[in-house]
Amino acid sequence: MAWILLVVAGLVEVAWAVGLTFTEGFTRLWPSVLTAAGFATSMVLLALAVKTLPIGTAYGVWVGIGAAGAAVVGMLVLGEPVTAARVFFIALLLVAVVGLKATSGH
């Protein structure tokens, strides 16, 4: 169950990170409210996951999902550049996330 919470926390992190784009520096009310709610939700889920999982593993996986997900959404939805190097490094992030899970002992 902790891994499910952690993956959902990472996906919500992607949502709030992308949401930052739409807040325009927290000058737009509803995008700001939704982004803050996403941040809070992601943190609560992460906190629940680390009750069972090691913090180093959980935090690394959470950040990896968030960083890779935000980069992919940026490229696919927000028109950010898609280059071989970016795709390679996103793949490296995902390999690291899988490695952390595989070696966590949980």
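What you see is a predicted model; the values in this text were computed from it and never measured.

A.B. asks: Can you walk me through the overall build of the protein chain in this structure?
C.D. replies: Within the protein chain, the regular secondary structure consists of 4 helices and 0 strands. Across the protein chain, helices and strands are ordered from the amino to the carboxyl terminus as α-α-α-α. In terms of its C-alpha atoms, the protein chain occupies a principal-axis envelope of roughly 45 × 35 × 15 Å. Within the protein chain, buried positions represent 35% of all 106 residues. Counting contacts in the protein chain only where the partners sit at least 6 residues apart, residues at least 24 apart contribute 68% of the total. Entry remark: accessible area of the protein chain is about 6,100 Å², with carbon and sulfur atoms responsible for 78%.

A.B. asks: What is the right way to read helix H1 (residues 2-23) from this model?
C.D. replies: In an α-helix, one turn spans 3.6 residues; hence positions three or four apart end up facing the same way. Helix length check: H1, at 22 residues, gives a terminal C-alpha distance of 31 Å against a target of 32 Å (1.5 Å per residue), a fit within 8%. Among the residues trailing H1, Glu24 stands out with phi positive, at a value near 50°.

A.B. asks: Explain unusual backbone geometry here, please?
C.D. replies: Residues apart from glycine generally show negative phi values, whereas peptide bonds are mostly found in trans. The phi angle at Glu24 is positive, at roughly 50°, despite the residue not being glycine. Following the sequence through the fold, Glu24 ends up in the loop between H1 and helix H2 (29-49). Judged by its relative accessible area of 51%, Glu24 is exposed.

A.B. asks: I tried to follow the UniProt feature "transmembrane region" (unreviewed entry) in the protein chain on my own but got confused; where do I start?
C.D. replies: UniProt tags residues 33-50, 57-78 and 84-103 as "transmembrane region" (unreviewed entry). In residues 33-50, the share of helix is 94% and the share of strand is 0%. The end C-alpha atoms are 26 Å apart. Secondary structure content for residues 57-78 is 91% helix and 0% strand, while the C-alpha to C-alpha distance between its ends is 30 Å.

A.B. asks: Would you explain the environment of Thr83 in this entry?
C.D. replies: Considering the arrangement of structural elements, one finds Thr83 in the loop between helix H3 (55-76) and helix H4 (84-102). For the pair Thr83 and Phe39, spaced 44 residues apart in sequence, the C-alpha to C-alpha distance is 29 Å. Among the polar contacts listed, one links the side chain of Thr83 to the backbone nitrogen of Arg86, at a separation of 3.1 Å.

Calculation criteria
Residues numbered from 1 in each chain as written. Predicted model: local features only at pLDDT ≥ 70, side-chain atom pairs only at ≥ 80, totals over all residues. Heavy atoms only, no water. Helix = DSSP H or I, 4+ residues; strand = E, 2+ residues; numbered from the N terminus. Buried < 20%, exposed > 50% of the residue type's maximum accessible area, 1.4 Å probe, protein only. Contact = heavy atoms within 4.5 Å. Areas by Shrake-Rupley, 256 points an atom, 1.4 Å probe, with all protein chains shown as cover. Expected span 1.5 Å × (residues − 1). UniProt positions renumbered as here; feature names shortened; annotations may be inferred. Polar contact = N/O pair within 3.5 Å; in protein donor to acceptor, adjacent residues only side chain to side chain.

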